[in-house]
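Summary of the model geometry
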Amino acid sequence: MNDRLFEDTRYDPGLPERRAVTVGAVGSSNPIELANLGISWRDEGVFDRAEQIFRDLIERFPDLVYGWQELGVLCRKMGREEDALALFRHACMVDPGDFLSRRYYATQLLRLGHGDDAKSAIVHPPWTDPDTQSAAMIFSQLIDFVIDHPQTSMNGLVQLFEQDERFLNAHSVAAQIQTALDEARPFSLIRLGDGEGAWLSVNDHDEARFAGLYEANRREILRVWFGSDDLYNDPAFIELAGQFVRILEHTSIIGLPYGDRMNNEYGVFSIRGIPSIANIFRALTVETAPNLMVHYCENDVHLKLHLEGHLQTLLKGTYKIGVISCHADLGWRLMEHYGARVVSQIIVPEEKSFQQVKGISGMSLPHYPIPFYRTIERLRRSAGEAQLWLVAAGFLGKFYCDAIRGAGSVALDIGSVADGWCGRVTRPTLSQIGRYTLGSPA
Amino acid sequence: MNSSPDKGQALLDALAGNGPIMTPVALVVAHQDDEAIAAAGTLVRFRALTLIHLTDGATSPSAPFSQPGFSNRDEYAQTRARELDRALQACLAVPQRQICYQLPDQTVGEAIGTLTKRLAADLLAVDAVITHPYEGGHMDHDAAARAVALACALLARATGRAPARLEFAGYHRIGNDVRTGEFWPDPACPAVKITLSPSARRRREAAFECFTSQRDNLRYFSTLGESFRIAPDYDFTQAPPTRS
């Protein structure tokens with residue numbers, strides 16, 4: 001699979017370097033330099049200068065797609081939807097074999113309510129390269145998905161959860177945690193993001209209808225988590241992932257993506273983001289909404305629990321604390337900084353995509369299967385040693401939270417807060433790392 | 001003091017048996033080859049092993065380097081690391097975690113302050129730790145015993161619990177003789193001597209053979225058995241035992 005076919009336009013880590021290169025590119029005879037300069041202005045919001053550069057690009061290089069594509073993106077950004085459609089259509093005519101032009105064109109058709117034309121635009125060109133054929137199939141399934149589940153109806157679904165009286169703010173979440181600890185009641189807080197959403201199954205019909213789309217997303221997520229997608233064909237892992245939705249039925253509080261996240265994903269027509277976020281709400285509507293014991297909150301509640309001081313209060317208490325993360329020094333930092341009574345620490349391998357940022361856990365095996373099953377076994381045997389467990393272990397960490405709850409203790413899925421406590425910036429939300437970092441043991 | 005004698009005894013009992021050892025255990029050793037001396041025949045049975053080497057096995061960059069066959073300390077350290085990798089494979093050991101603190105050889109005692117805290121952080125994740133005895137064999141071995149004891153004491157004070165502290169038989173001197181594979185006697189801490197099965201013996205022999213740079217030392221160690229005991233509560237303000 002050629003991942004470049006699915007490049008997400010939201011993130012552009014090369015932009016600063018590109019800006020440096022393109023300074024003074026006006027008048028350049030290099031179309032790429034000109035396009036990049038225009039993109040820089042567009043991203044800065046200086047639309048008139050960007051338009052001027054893109055029109056210059058089209059005039060000088062009318063047989064290249066770049067000017068048509070980028071001016072189309074600019075028009076769309078400015079709300080000139082019909083202009084954008086015409087420009088993308090022209091880009092397709094300039095180079096009928098350019099998949100990105102087709103993708104822009106199809107997306108624009110869909111935005112304007114022409115779903116069938118959108119599908120036709122992406123499916124029918126004579127794609128000969130297998131990677132592009134596959135990409136076209138996946139994109140056409142995304143179009144089907146958006147036709148079946150338009151942004152407005154998904155927003156309505158999100159609001160159903162956010163307006164439910166069981167939807168809690170961080171303060172109320174903290175109060176529930178405190179109560180569970182005081183009453184020695186089993187409890188788990190599990191947060192869901194697009195990775196988890198990619199693995200949530202709504203029903204068999206849905207799985208069959210969007211099989212290619214879901215497979216592409218699940219493989220991509222596996223590469224993020226484990227460095228390869230080999231597990232996609234592992235029956236034991238598939239079965240485990242299939243049980244994930246069952247875990248949510250027993251979870252005390254489920255952290256959900258906020259509504260703006262859904263809008264962002266639809267706005268950029270994200271292949272991974274749209275179905276993964278939408279399916280969280282679709283699956284939960286069926287699986288957990290009827291269970292009045294389940295509560296909900298935003299999935300960045302872990303950050304708020306830290307920033308509003310709730311985690312500190314819990315850690316400074318007399319509870320026996322257990323921690324699960326890839327940071328060998330996390331337990332010690334909590335003891336030193338908060339005087340936490342850390343009685344158990346389990347170290348798990350880091351997500352492969354974050355290995356450079358997080359450092360080395362000293363564990364060479366991938367998190368699944370051996371460390372995972374050993375950790376589950378250990379928790380079943382001795383999770384009761386700690387009253388409160390802080391879990392930062394990605395998708396598999398949700399299963400740890402469930403095992404801890406099953407053993408009668410309290411489990412909090414604290415995610416990237418653990419990275420922050422250890423001074424590692426693994427997310428944009430941790431960019432102000434000083435608000436998180438605790439002292440180092442040595 | 002050794003705050004978890006029950007857990008320690010449970011691990012000794014498990015070591016005396018034949019089955020897998022599921023308890024999370026750390027083996028803290030000073031040098032690459034000490035883990036083989038400790039338990040090359042038995043390591044395969046540890047299913048949740050954290051293997052910690054305190055040094056990289058080569059003397060400090062500021063110290064004169066004179067290791068025959070090697071041009072500098074880094075080359076020597078890299079050789080020892082490669083030998084360790086091969087030895088772990090040879091004895092079928094698969095540590096769950098493997099860490100090297102990268103101290104220079106013969107400097108463990110100098111780093112005892114920071115070392116104690118770092119060890120405490122790593123030992124939070126285990127139920128038992130096995131390390132060198134305090135026996136006057138090698139200065140780093142004695143410092144390792146002390147650092148582990150201090151780290152466990154620190155954990156006991158901070159959390160109310162600490163891993164059980166065990167030790168493996170290394171070597172010590174009696175006069176001009178070097179005594180290997182035996183502890184200084186301590187009636188309060190009887191040793192469990194494991195007679196290795198033929199296959200375990202082969203694993204130990206295979207691991208020893210991988211340490212070509214340490215061949216002159218390892219030839220003094222038997223491959224017939226491995227000995228462990230609950231670590232005594234040493235008085236580290238006193239010199240290690242000596243016998244003339």
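All values reported here derive from a predicted model rather than from experimental measurement.

So, how was this worked out
Residues numbered from 1 in each chain as written. Chains lettered and ligands numbered in written order. Predicted model: local features only at pLDDT ≥ 70, side-chain atom pairs only at ≥ 80, totals over all residues. Heavy atoms only, no water. Contact = heavy atoms within 4.5 Å. Buried area = accessible area lost by both parts, 1.4 Å probe. Salt bridge = Lys/Arg side-chain N within 4 Å of Asp/Glu carboxyl O. Polar contact = N/O pair within 3.5 Å; in protein donor to acceptor, adjacent residues only side chain to side chain. Helix = DSSP H or I, 4+ residues; strand = E, 2+ residues; numbered from the N terminus. Buried < 20%, exposed > 50% of the residue type's maximum accessible area, 1.4 Å probe, protein only. Pairing = 2+ DSSP bridges. Axes fitted to C-alpha atoms, helices over the stretch in contact; angles between N-to-C directions. 1 Å grid on protein atoms, 1.4 Å probe; cavity = no way out; pocket = protein on both sides within 12 Å on 5 of 7 lines; lining within 4 Å. Points joined across faces, edges and corners; volume = space filled by probe spheres on them. Domains from an automatic or database assignment. Nonpolar A, V, L, I, M, F, W, Y, C, P; charged D, E, K, R; others polar. Parallel < 35°, antiparallel > 145°, perpendicular 65-115°, else oblique. Left-handed = near helix turned anticlockwise from the far one by under 90°. Core = buried A, V, L, I, M, F, W, Y, C linked by side-chain atoms within 4.5 Å.

Bringing the interface of chain A and chain B into the picture now. Every contact between the two is made by 22 residues of chain A and, on the other side, 21 residues of chain B. Of the roughly 1,900 Å² buried where chain A meets chain B, counting both sides, 57% is carbon and sulfur surface. Put simply, chain A and chain B have 2 salt bridges between them. We note a salt bridge from Arg161(B) to Glu385(A), for which the minimum N-O separation is 3.8 Å. Where chain A meets chain B, there are 6 residue pairs in polar contact (both at pLDDT 80 or more). Counting only elements with at least two residues in the side of chain A that touches chain B, the list comes to helix H20 (330-338), strand S5 (341-347) and helix H22 (370-382) of chain A. Here the side of chain A that touches chain B takes 6 residues from S5(A), the largest share from any one element.

This part covers the environment of Val323(A). Residues and elements named next belong to chain A. For Val323, the location among the structural elements is in strand S4 (residues 320-325). Under the relative-accessibility criterion, Val323 is labelled buried at 1%. Along the sequence, Val323 and Arg374 sit 51 residues apart, while their C-alpha atoms lie 15 Å from each other. If near-sequence neighbours (up to four positions away) are discounted, Val323 is found in contact with Leu330, Gly331, Leu334, Val342, Ser344, Gln345, Ile346, Trp389 and Leu390.

Moving on: the sheet that holds strand S2 (residues 49-59) of chain B. Hydrogen bonds between backbone atoms are what pair the strands of a sheet, whose relative direction is either parallel or antiparallel. Residues and elements named next belong to chain B. Pairing is mixed in the open sheet, where 7 strands are placed in the order S3-S2-S1-S4-S5-S9-S8. Across the chains shown, the open sheet's two edge strands, defined by having one partner strand only, are strand S3 (97-105) and strand S8 (192-195). Neighbour-to-neighbour, the strand axes of this sheet turn through a mean angle of 20°, independent of strand direction. Here 5 bridges tie strand S1 (residues 25-29) to S2, and the two strands are oriented parallel to one another. The residue of S2 that forms the bridge with Leu27 is Leu51. Sitting on the sheet, helix H4 (residues 112-123) is in contact with S1, S2, S3 and strand S4 (128-131), with an inclination near 170° to S3.

The next subject is empty space enclosed by the protein. Scanning all chains against the criterion turns up 5 cavities of 30 Å³ or more. What the largest cavity holds in volume is close to 180 Å³. Lining of the largest cavity is provided by 17 residues; of these, Arg374(A), Arg378(A), Pro24(B), Ala48(B) and Gln96(B) occupy positions nearest its centre. Taken together, the elements giving at least two residues each to the lining of the largest cavity come down to S5 and H22 of chain A.

Right, let's get into the domain arrangement of chain A. As a measure of interface size, the accessible area lost when the parts come together is often cited. Residue and element names in this part refer to chain A. Taken domain by domain, chain A holds domain 1 (3-148) and domain 2 (151-442). Distance between the C-alpha centres of domain 1 and domain 2: 35 Å. If you look at the interface, domain 1 gives 18 residues, while domain 2 gives 20 residues. Here domain 1 and domain 2 share 1 salt bridge between them. Close ionic contact of Arg209 with Asp148 constitutes a salt bridge, the shortest N to O distance being 2.7 Å. For the pair domain 1 and domain 2, the number of links is 4 residue pairs in polar contact (both at pLDDT 80 or more). Elements supplying a minimum of two residues to the side of domain 1 that touches domain 2: helix H6 (99-111) and helix H8 (130-148). The leading source of residues in the side of domain 1 that touches domain 2 is H8, at 10 residues. Taken together, the residues that form the side of domain 1 that touches domain 2 break down as 9 nonpolar, 2 polar and 7 charged.

Attention now goes to unusual backbone geometry. With omega at 5°, the peptide bond leading from Tyr368(A) into Pro369(A) counts as cis. Turning to its location among the elements, Pro369(A) is positioned in the loop between helix H21 (355-358) and H22. One non-glycine residue, Asp33(B), lies in positive phi territory at about 130°. For Asp33(B), the location among the structural elements is in the loop between S1 and helix H2 (34-39). The exposure class assigned to Asp33(B) is buried, which follows from its relative accessible area of 5%. The backbone of Leu92(B) sits at a positive phi, close to 65°, despite the residue not being glycine.

Pairs can form between side chains of opposite charge whenever their charged atoms are close. Following the criterion strictly, the structure yields 39 salt bridges over all chains and no others. Note that Arg272(A) and Glu220(A) form a salt bridge whose closest N and O atoms lie 3.1 Å from each other. Separated by 52 residues along the polypeptide, Arg272(A) in the loop between helix H16 (259-267) and helix H17 (273-287) and Glu220(A) in helix H13 (residues 211-226) bring together distant segments of the chain. With a relative accessible area of 30%, Glu220(A) lands in the partly exposed category. Here Arg179(B) ties to Glu182(B) by a salt bridge, and the two come within 3.3 Å at their closest N and O atoms. Each of Asp194(A), Glu220(A), Arg261(A), Glu265(A) and Arg272(A) takes part in one network of salt bridges that share partners.

Turning our eyes to something else, we now look at the packing of helix H3 (residues 47-60) of chain A against helix H4 (residues 65-78) of chain A. Residues and elements named next belong to chain A. For the pair H3 and H4, interaxial distance at closest approach is 8 Å and the crossing angle is 155°. Taken together, the axes of H3 and H4 lie roughly antiparallel to each other. Crossing geometry of H3 relative to H4 is assigned as left-handed. Where H3 approaches H4, its residues Phe47, Ala50, Glu51, Phe54, Arg55, Leu57 and Ile58 are matched on the opposing element by Tyr66, Gly67, Trp68, Glu70, Leu71, Leu74, Lys77 and Met78. The class makeup of the residues in the contact of H3 with H4 is 10 nonpolar, 1 polar and 4 charged.

Before going further, it helps to examine the nonpolar core. Formed by 96 residues in total, the largest nonpolar core has its most connected members in Leu192(A), Trp199(A), Phe237(A) and Ile324(A). In terms of residue count, the dominant contributor to this core is H8(A) (8 residues). Residue assignment places this core across two domains, with domain 1 (3-148) and domain 2 (151-442) of chain A each supplying three or more. When sequence neighbours within four positions are dropped, the list of residues in contact with Ile324(A) reads Ile346(A), Val348(A), Leu379(A), Trp389(A), Leu390(A), Val391(A), Ala392(A), Ala393(A), Tyr400(A) and Ile404(A). Listed in part, the 67 residues of the second largest apolar core include Leu334(A), Ala340(A), Ala120(B) and Leu155(B).

Below, the discussion takes up the pairing of strand S7 (residues 177-180) of chain B. Residue and element names in this part refer to chain B. The sheet contact formed by strand S6 (residues 171-174) and S7 spans 4 bridges and is antiparallel. Bridging across to S7, Arg173 finds its partner in Val178. The loop that links S6 with its antiparallel partner S7 comprises 2 residues; one of these, Gly175, has a positive phi angle of about 65°.

Residues and elements named next belong to chain A. Within the open sheet, the 7 strands sit side by side as S3-S2-S1-S7-S6-S4-S5. Their pairing is parallel. Each end of this open sheet is capped by a strand with a single partner; those strands are strand S3 (295-298) and S5. The average undirected angle you get between the axes of adjacent strands in this sheet is 20°. Taken together, the 3 bridges between strand S1 (residues 187-191) and strand S2 (residues 253-256) define a ladder with parallel strand orientation. Residue Ile190 lies in a different strand from S2, and its bridge partner there is Ile254.

Let's shift gears to the layout of surface pockets. Residues and elements named next belong to chain B. By volume, the second largest pocket amounts to about 650 Å³. If you trace the second largest pocket, you find 30 residues lining it, with Arg80, His138, Tyr171, Gln214 and Asn217 closest to the centre. Taken together, the elements giving at least two residues each to the lining of the second largest pocket come down to H2, S2, helix H3 (73-90), S6, S7 and helix H7 (215-218). Tallied by class, residues from the lining of the second largest pocket come to 11 nonpolar, 12 polar and 7 charged.

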